[in-house]
Amino acid sequence: MIYVFSHDSIGLGEDGPTHQPVEQLAMLRATPNISVWRPCDATETAIAWQYAIERKDGPTALVLTRQKVAAQAHNAQNLSDVKRGAYILIDTEGTPDCILIATGSEVALACAAASKLNAKGRKIRVVSMPSQDVFDKQDDVYKNKVLPQGITKRVAIEAASSQSWYKYVGLSGKIIGLDRYGESAPDKILFEFFGFSEENVSQFL
């Protein structure tokens, strides 16, 4: 079984706050044996679709956005790592000061904030995590490569419930999420209103 959801998060816009599925990602991720993917662009979507077709031991859900999203710059290494559920999309020389973890339409936001800060001399890593459950199945060496245990300053960004992100950011990390229903307004206004902006991300780095 392959489920394709086409209207994720608060970006649904003007259909009313209770029509914005901020709780559904957490619900799907808590459901045993289902693999949940929230890709950030067409490349991740294609790889997620291939994973879903090849998977023989359970259902897969692809949770897609209705917003236009920019294609991210993939190289040979991170392109091969997409299928591992999470990978380093932007990195810096040496040990990062902070790690931004994002999914779906929020990956572009994380990349924009990190690129500006890195240009000013900061060391911000961006990790795209389209599938938590697939990443959790990777070996400890790979998981520590993507999210080194020694880097405790982490920020997760997802325009939905924050519930499933604490195991990646820890008690000292920050989650930019939404633990209430949204509002009825155009998507750009909603994202800004609820703190999904470069300025808001930057204040935690």
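Given the structure is predicted, the values throughout are model-derived calculations rather than measurements. (Residues numbered from 1 in each chain as written. Predicted model: local features only at pLDDT ≥ 70, side-chain atom pairs only at ≥ 80, totals over all residues. Heavy atoms only, no water.)

## Comments concerning the overall build of the chain
Stage number 1. Helix and strand counts for the chain come out as nine helices and eight strands.
Stage number 2. Relative to a compact globule of 205 residues, whose C-alpha radius of gyration would be 17 Å, the chain shows 16 Å and is just as compact.
Stage number 3. Once the C-alpha set of the chain is aligned to its principal axes, its extents read approximately 45 × 40 × 30 Å.
Stage number 4. For the chain, buried positions account for 52% of its 205 residues.
Stage number 5. Put simply, 73% of the contacts in the chain that link residues at least 6 apart link residues at least 24 apart.
Stage number 6. Here the chain holds 22 positive side-chain charges and 24 negative ones, and the gap between their average locations is 4 Å. (Helix = DSSP H or I, 4+ residues; strand = E, 2+ residues; numbered from the N terminus. Rg over C-alpha atoms; globule rule 2.2 N^0.38 Å. Buried < 20%, exposed > 50% of the residue type's maximum accessible area, 1.4 Å probe, protein only. Contact = heavy atoms within 4.5 Å. Lys, Arg positive; Asp, Glu negative; His and termini not counted. Charge placed at Lys NZ, Arg CZ, Asp CG, Glu CD.)

## Examining the sheet that holds strand β3 (residues 60-63)
Stage number 1. Here three strands make up an open sheet; going across it, the order is β1-β3-β2 and the pairing parallel. Strand pairing shows two members of the sheet lacking a second neighbour, β1 (2-5) and β2 (35-37), which therefore form its edges. Pairs of neighbouring strands in the sheet enclose a mean axial angle of 15°, with direction left out of account.
Stage number 2. Strands β1, β2 and β3 of the sheet are contacted by helix α2 (residues 42-54), whose axis makes an angle of about 165° with β3. (Pairing = 2+ DSSP bridges. Axes fitted to C-alpha atoms, helices over the stretch in contact; angles between N-to-C directions.)

## Considering the packing of aromatic side chains
Stage number 1. In the structure shown here, the tally under the stated rule is seven aromatic pairs.
Stage number 2. Between the aromatic rings of tryptophan 37 and tyrosine 51, the centroid separation amounts to 5.1 Å while the plane-to-plane angle is 50°, which identifies the pairing as tilted. Of this pair, tryptophan 37 sits in strand β2 while tyrosine 51 sits in helix α2, and the two are 14 residues apart along the sequence. For the pair tryptophan 37 and tyrosine 51, one class covers both residues: buried.
Stage number 3. Consider the rings of phenylalanine 191 and phenylalanine 196, whose centres lie 5.9 Å apart with planes at 80°: the pair is edge-to-face. Across the pair, exposure class does not vary: phenylalanine 191 and phenylalanine 196 are buried alike.
Stage number 4. Taken together through their ring pairs, the aromatic side chains of Phe135, Tyr142, Trp165 and Tyr168 make up a single cluster.
Stage number 5. Over the ring of tyrosine 142 we find arginine 84, and its NZ or CZ is 3.8 Å from the ring centre. (Phe/Tyr/Trp six-rings, centres within 6.5 Å; stacked < 30°, edge-to-face > 60°. Lys NZ or Arg CZ within 6 Å of the ring centre and 35° of its normal.)

## A look at a nonpolar patch on the surface
Stage number 1. A grouping of Ile2, Val4, Trp49 and Ile53 is seen on the molecular surface, where their side chains present a nonpolar patch of about 350 Å² in accessible area.
Stage number 2. Looking at the nonpolar patch, the elements that each hand over two or more residues are β1 and α2. (Patch = residues over 30% accessible without salt bridge, like charges linked within 9 Å, V, L, I, M, F, W, Y side chains within 5 Å. Areas by Shrake-Rupley, 256 points an atom, 1.4 Å probe, with all protein chains shown as cover. Salt bridge = Lys/Arg side-chain N within 4 Å of Asp/Glu carboxyl O.)

## Focus: the side chain of arginine 125
Stage number 1. For arginine 125, the position within the fold is in strand β6 (residues 124-128).
Stage number 2. Within polar-contact distance, the side chain of arginine 125 engages the backbone oxygen of valine 146 at 3.0 Å.
Stage number 3. The contact partners of arginine 125, leaving out residues within four places of it in the chain, are Ile88, Ile90, Asp91, Pro96, Cys98, Ile99, Leu100, Lys145, Val146 and Pro148. (Polar contact = N/O pair within 3.5 Å; in protein donor to acceptor, adjacent residues only side chain to side chain.)

## Digging into the pattern of salt bridges
Stage number 1. What the rule picks out here adds up to 11 salt bridges.
Stage number 2. The salt bridge partner of glutamate 158 is arginine 38, with a shortest N-O separation of 3.8 Å. Of this pair, glutamate 158 sits in the loop between β7 (154-157) and α7 (166-169) while arginine 38 sits in the loop between β2 and α2, placing them 120 residues apart in sequence.
Stage number 3. We classify arginine 38 as buried; its relative accessible area is 1%.
Stage number 4. One salt bridge in this structure joins lysine 116 and glutamate 198, with 3.0 Å as the shortest N-O distance. Of this pair, lysine 116 sits in helix α4 (residues 106-119) while glutamate 198 sits in helix α9 (residues 198-202), and the two are 82 residues apart along the sequence.
Stage number 5. Glutamate 198 gets classed as partly exposed once you look at its relative accessible area, which sits at 23%.
Stage number 6. A single network of salt bridges, built from pairs that share partners, joins Arg29, Arg38, Glu106 and Glu158.

## A word on the environment of valine 127
Stage number 1. If you trace the backbone, valine 127 turns up in strand β6.
Stage number 2. With a relative accessible area of 0%, valine 127 lands in the buried category.
Stage number 3. Remark: the alpha-carbon pair of valine 127 and leucine 100, spanning 27 residues in sequence, is separated by 6.0 Å.

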